[in-house]
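# Examination of the molecular architecture
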Amino acid sequence: MFDHVYMLARGSCIYNGSPRQLVPFLAQIGHVCKPTYNPADFVFEVLDNDTIVELTKEIQNGKMILCDDLDEMEKNVSTSKLCRNETLIALPPVFDDHKSQIKESDLEYPSSFSTQFSILLERKTKQFIRNKIGLWISFFHHAFSALLIGSIYYGIGLDGSHPFENFKFCISVVVFFVYTHIMGPVLTFPSEVKLLRREYFNRWYSLKSYFFASMITSLPSMLLFGSLF
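Residues numbered from 1 in each chain as written. Predicted model: local features only at pLDDT ≥ 70, side-chain atom pairs only at ≥ 80, totals over all residues. Heavy atoms only, no water.

### Topic: a negative patch on the surface
As a reminder of what qualifies: Think of a patch as exposed residues, more than 30% relative accessible area, with no salt bridge, where like charges cluster within 9 Å and nonpolar side chains (Val, Leu, Ile, Met, Phe, Trp, Tyr) cluster within 5 Å. Note on areas: Shrake-Rupley, 1.4 Å probe, and residue coverage restricted to the protein chains presented here. In the sections that follow, a salt bridge refers to a side-chain nitrogen of Lys or Arg positioned within 4 Å of a carboxyl oxygen of Asp or Glu. Under the counting rule used here, the positive set is Lys and Arg, the negative set is Asp and Glu, and His together with the chain ends is not counted. To locate a charge, the coordinates of NZ of Lys, CZ of Arg, CG of Asp or CD of Glu are taken. Strands here are runs of E lasting at least two residues and helices are runs of H or I lasting at least four, both read from the DSSP assignment and numbered beginning at the N terminus. Only protein chains enter the accessibility calculation, which uses a 1.4 Å probe; a residue is then buried when its area is under 20% of its type maximum, exposed when over 50%, and partly exposed in between.
A cluster of acidic residues, Asp48, Asp50, Glu54 and Glu58, forms a negative patch on the protein surface. On the secondary structure map, Glu58 appears in helix α3 (residues 49–58). Judged by relative accessible area, Glu58 falls into the partly exposed class, the value being 31%.

### Quick look at unusual backbone geometry
Excluding glycine, a negative phi dihedral is what most residues carry, and trans is how most peptide bonds are arranged. You will see that Arg10, though not glycine, has its phi angle at about 55°, which is positive. Its location among the elements puts Arg10 in the loop between β1 (5–9) and β2 (12–17).

### Quick notes on the UniProt feature "transmembrane region" (unreviewed entry) in the protein chain
Rules: UniProt positions are given in the numbering used here, feature names are shortened, and annotations may be inferred rather than shown by experiment.
Sequence positions flagged by UniProt for "transmembrane region" (unreviewed entry) are, in local numbering, residues 133–154, 166–189 and 210–228. Within the segment residues 133–154, helix and strand shares are 91% and 0% respectively, and the terminal C-alpha atoms sit 31 Å apart. As a span, residues 210–228 carries 100% helix and 0% strand, and end to end its C-alpha atoms are 28 Å apart.

### A short note on the packing of helix α7 (residues 132–152) against helix α9 (residues 207–228)
Our working rule: As a rule, the C-alpha atoms of each element are fitted with a line to give its axis, helices using only the stretch in contact, and angles between N-to-C directions run from 0 to 180 degrees. Orientation categories follow fixed angle ranges, with anything under 35 degrees roughly parallel, anything over 145 roughly antiparallel, 65 to 115 roughly perpendicular, and all other angles oblique. By convention the crossing between two helices is left-handed if the near helix lies anticlockwise of the far one by an angle smaller than a right angle, and right-handed if it lies clockwise. Residues count as neighbours in contact if any of their non-hydrogen atoms are within 4.5 Å of one another. Any residue that is not Ala, Val, Leu, Ile, Met, Phe, Trp, Tyr, Cys, Pro, Asp, Glu, Lys or Arg is counted as polar, Gly included; the first ten are nonpolar and the last four charged.
Contact pair α7 / α9: the axes reach a minimum separation of 9 Å and the direction vectors enclose 30°. Relative to α9, α7 is oriented roughly parallel. As α7 packs across α9, the resulting crossing turns out to be right-handed. Contacts between α7 and α9 involve Leu135, Ser138, Phe139 and His142 from the former and Phe225, Gly226 and Leu228 from the latter. Partitioned by chemical class, the residues of the contact of α7 with α9 number four nonpolar, three polar and no charged.

Here's what the structure looks like:
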């Protein structure tokens, strides 16, 4: 996505070069980023006063440019004095020793779909049970709507001379269920999206397992309150 990264911390340059060289550069000074972790998040988490000073010293406050290949390094040397011959382009990949043992699917998600789903389902279930206010709101919403719609169309279902009223009743029930169960995720998802984005980009779980767990967790309340309605 990016061809070049220039990172600043407290007015000092802590990295200057190719995005692919960021992880090896951090590993060289003792900060090893796990393969399942987002390097951008990792940098922000390890930053402190000592680390900033150390990174600034290693990168010479931006005077050293980390390149991907020798040709690019030589080009930078010929056009700018900021890139030295001892640029750290020859840093070995951090995880080369494990490449032969890790499958392609494991590189993307270290755990299987079933593991992701079971953990997310347990977490979603606990969140659902602890959200007592949401359960009470849903209960009163279904009860009030049932009384309101029932009072409007009371006794019409047995009267064959009111086909349009029966049709309106069916449409009202369908619209109620559709909008009721759509608005729940619409209202709660914005508060979850920040955590979801962070965990997803760190490859902790896939979106498929997240939405499957969310759907399964919401089924009991949908069936219970739907039957009450």
